[in-house]
Amino acid sequence: MPQTLAQKLIAKAAGRTGVEPDEIVTCRVDLAMMHDLQGPRRVGPMLQKLGAPIWDLDRLVVVSDHFAPAIDTDAAGILDLTRKWAKANGIRHFYDMQGISHVLLTERGHLRPGMFFVGGDSHTPTGGAVGAFAIGVGSTEMCGVIVTGEIWVRVPRSIRINWKGKVGRGVAGKDMVLKQCGLLSMEDCDYRVIEYRGDAIAALPMGERMTLCNMSPELGAKTSVIPPDQTTVDYLAQRGVKVEDAGRWHSDADAEYERTLDLDASALQPQISAPGSPSHSADTGNYQNVAIDQAYIGACTGAKLSDLHMAAEVVRGRRVAPGVRFLIAPASQQTTATAASDGTLATLTEAGAILLPTGCGACAGMGAGTLAAGEVCIASSARNYRGRMGDNTSEVYLGSAYSVAAAAIAGKIVDPREMLQ
Amino acid sequence: MISGRAWVFGDNINTDLIAPARLLRRPVAEFSKFCMEPVMPAFAAEVKPGDVVVGGLNFGCGSSREQAPEAIKYLGVAAVVAKSFARTFYRNSMNIGLPAIVCADAGSIPQGARLRISLEKGVVEDLDGGKSYPCQAVPPHLMAMLNDGGLVEHLEKRLRAGVPGANQP
């Protein structure tokens, strides 16, 4: 039977030549990741109860990103527990406050095409950007993986999304995925894999591809995959990862998709998602002039180097509107360092942006930048559920880094293209 | 057999409503008090042991945080019935021993109805309305895990018995 890329990735992990949709198979895990929020503090006691060793220390990555840096003694205690657990268990790949896990894993060369990757976080599908099968799980499931090196999966069906044409200036991968959130219901994508294809995808740099795959859970999808190409190979080569089998990780020409969607990148307008759900996405014009208290560039979704570059392009030579807080929490320490050396941070801070530590921060209302009652924020993150970034009555609009930066300057939601003339 | 009153919620109940991230640094006894607070403020205080949470489509969407089903279970809820589940919630719930049951007619269950659920038969009965709704059967490997009390207990049993590939279906 012809296989989609997702089927091939699962089949390889299951030691099979092919798999059928809906069958339940057991897969060997190539890489597992857990973080400070869901990892050692929860998985540690389970492992202790089982008295079982970690199946493979080379295949486990532990990251402290959610509570980093500590803002109170609870957070400090959790970070301390994570550090001590990593030391006591001889963890070889431990990143303490070096950035957000989903960005670190590709940035530090842990992920590569063909891998079956399980992460203890819903935004794990970010890894699909390099052509890996990347799925998010909870703590108990992670404990099972760490003990056995295996996980069962029901083979999902795939939806193919062809993005054709070329995105205009001021339009980003974030707008592409928000557009999809508005078009497709979560039921449409429930437990499906999104496979991205088309010349607009081929033209996207790795950072933007990660944004697309990152928002799989907001679409209701199991995960997303982008077939590896020269962009993937070059990106990984720069990080010391030599990929020789990229050609193997593509769908068969006659593979079956549950549905195929053709979308026109050249007609795409900047998208804004209104408070409550990422599915409330529409062209920016629909939310023009909504006044904001805070603009937040942060999270695994929207604070990579490419996002910081977009923001800098908008704010260069401008000033943040009076009364607006423009907060930037780069997604990793490497992002901060590169943005410092290439002048991006100077451009942003000269415009009045406030630089925050790297980490998950205010995205989930856990770190610096949390919202007060009734406050309105525009964020480059992935979620705007009620109470997500703070008080239950605060409101979060989602947009690209271009849109967030433009709103910071204008003090209200505007079309970022007006500032890119 | 599970029996209790139905607490009915709508579609797309997300994990930030069930277990707000800003409270996850605290123990379950504390964050569970805020379970569903934005959509049903009385829920956490008034739900009784054995009661059943009834959801619409895509129940538990959003984060993979296991604290979402953990909060519901801690409050004494015996099962979650929904038209459909976000996959991470479904697996998390089953893994901690809280049955997650897919029932296409979950939307017909009235608020406060007395329910009786048989996992083996795959049926939800509304004792007040005298109706019964078929559910998707729980796959055998998950039924075995639920009967052991969850994945950790299941693994413990299998590891002790020396079963290779203790996590296999």
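So, on to the overall build of chain A. When helices and strands are tallied, chain A shows 16 helices and 18 strands. The C-alpha atoms of chain A give a radius of gyration of 20 Å, which matches the 22 Å a tight globule of 421 residues would have. Reported as C-alpha extents along the three principal axes, the dimensions of chain A are approximately 60 × 50 × 40 Å. Here chain A, with 421 residues, has 59% of them falling under the buried criterion. Long-range pairs, those at least 24 residues apart, make up 76% of the contacts in chain A between residues at least 6 apart in sequence.

Residue and element names in this part refer to chain B. Partitioning chain B into domains gives domain 1 (2-137) and domain 2 (139-169). Just the C-alpha atoms count here: the centres of domain 1 and domain 2 sit 23 Å apart. The interface of domain 1 with domain 2 comprises six residues on the first partner and seven residues on the second. Taken together, the residues of the side of domain 1 that touches domain 2 sort by class into four nonpolar, two polar and no charged.

Right, let's get into the nonpolar core. With 189 residues, the main nonpolar core has Ala311 and Val404 of chain A together with Val54 of chain B as its most contacted residues. Examining the composition of this core, we find that nine residues originate from one element, helix α16 (residues 401-410) of chain A, more than from any other. If we skip the residues at most four places from it in the chain, valine 54 of chain B touches Ala6, Trp7, Val8, Phe9, Val81, Ala82, Ala106 and Ile109 of chain B.

Residues and elements named next belong to chain A. Read from one edge to the other, the open sheet built from five strands follows the order β4-β3-β2-β5-β6, with strand pairing classed as parallel. With partners counted over all chains shown, the strands left at the sheet margins are β4 (93-96) and β6 (133-136), one partner each. Across this sheet, the average inter-strand angle for adjacent strands is 15°, counted without regard to direction. Packed onto the sheet, helix α3 (residues 73-88) meets β3 (60-64) and β4 and runs at close to 155° relative to β3.

To continue, consider the environment of proline 357 of chain A. Residues and elements named next belong to chain A. Take proline 357: it is sitting in the loop between β16 (354-355) and β17 (376-379). The sequence separation of proline 357 and methionine 97 amounts to 260 residues, and the corresponding C-alpha distance is 9.0 Å. The residues contacting proline 357, other than those within four sequence positions of it, are Pro69 and Ala329.

Residue and element names in this part refer to chain B. The strand order across the open sheet built from seven strands is β4-β3-β2-β1-β5-β6-β7, with neighbouring strands paired in mixed fashion. Bordering the open sheet on either side are β4 (100-102) and β7 (131-134), each of which pairs with just one other strand. Each strand axis lies, on average, 30° off the axis of its neighbour in the sheet, ignoring direction. As judged from the four bridges shared by strand β6 (residues 123-126) and β7, these two strands associate in the antiparallel manner. Paired with valine 123 across the bridge in β7 is proline 134.

Once that is clear, we can look at α3 of chain A. In an α-helix there are 3.6 residues to a turn, and that puts residues three or four apart on one side. All names here are of chain A. Here α3 is 16 residues long and its end C-alpha atoms lie 22 Å apart, about the 22 Å a rise of 1.5 Å per residue gives. Those residues of α3 not exposed but buried are Ile78, Leu79, Thr82 and Ala86. Buried residues of α3, seen end-on, are gathered within an arc of 95° and therefore sit on one face of the element. Facing away from the buried side of α3 by more than 90 degrees, the exposed set consists of Thr73, Lys84, Lys87 and Ala88. The elements touched by buried residues of α3 are α2 (40-50), β3 and β4.

All names here are of chain A. Those residues of helix α11 (residues 230-237) that sit buried are Thr232, Val233, Tyr235 and Leu236. Burial along α11 is one-sided: seen end-on, the buried residues are contained in an arc of 165°. Exposed residues lying more than 90 degrees from the buried face of α11 are Gln230, Asp234 and Ala237.

Glancing now at the interface of chain B and chain A. Listed as interface residues are 39 residues of chain B and, on the opposing side, 46 residues of chain A. Of all elements in the fold, only α1 (15-18), α5 (87-95) and α7 (151-160) of chain B reach the threshold of two or more residues within the side of chain B that touches chain A. Among the residues making up the side of chain B that touches chain A, the classes are represented as 16 nonpolar, 14 polar and nine charged.

Turning our eyes to something else, we now look at the pairing of strand β18 (residues 395-398) of chain A. Across a regular strand the side chains alternate sides, sitting on one face of the sheet and then on the other. Residue and element names in this part refer to chain A. Burial along β18 is two-sided: the residues Glu395 and Tyr397 and Val396 and Leu398 are all buried. As paired elements, β17 and β18 share four bridges and run parallel to each other. In the strand pairing of β18, valine 376 is matched with glutamate 395.

The rules we used
- Residues numbered from 1 in each chain as written.
- Chains lettered and ligands numbered in written order.
- Predicted model: local features only at pLDDT ≥ 70, side-chain atom pairs only at ≥ 80, totals over all residues.
- Helix = DSSP H or I, 4+ residues; strand = E, 2+ residues; numbered from the N terminus.
- Rg over C-alpha atoms; globule rule 2.2 N^0.38 Å.
- Buried ≥ 20, exposed ≤ 12 C-beta atoms within 10 Å, placed from the backbone.
- Contact = placed C-beta atoms within 7 Å.
- Domains from an automatic or database assignment.
- Nonpolar A, V, L, I, M, F, W, Y, C, P; charged D, E, K, R; others polar.
- Core = buried A, V, L, I, M, F, W, Y, C linked by C-beta atoms within 7 Å.
- Pairing = 2+ DSSP bridges.
- Axes fitted to C-alpha atoms, helices over the stretch in contact; angles between N-to-C directions.
- Expected span 1.5 Å × (residues − 1).
- Arc of directions from axis to C-beta.

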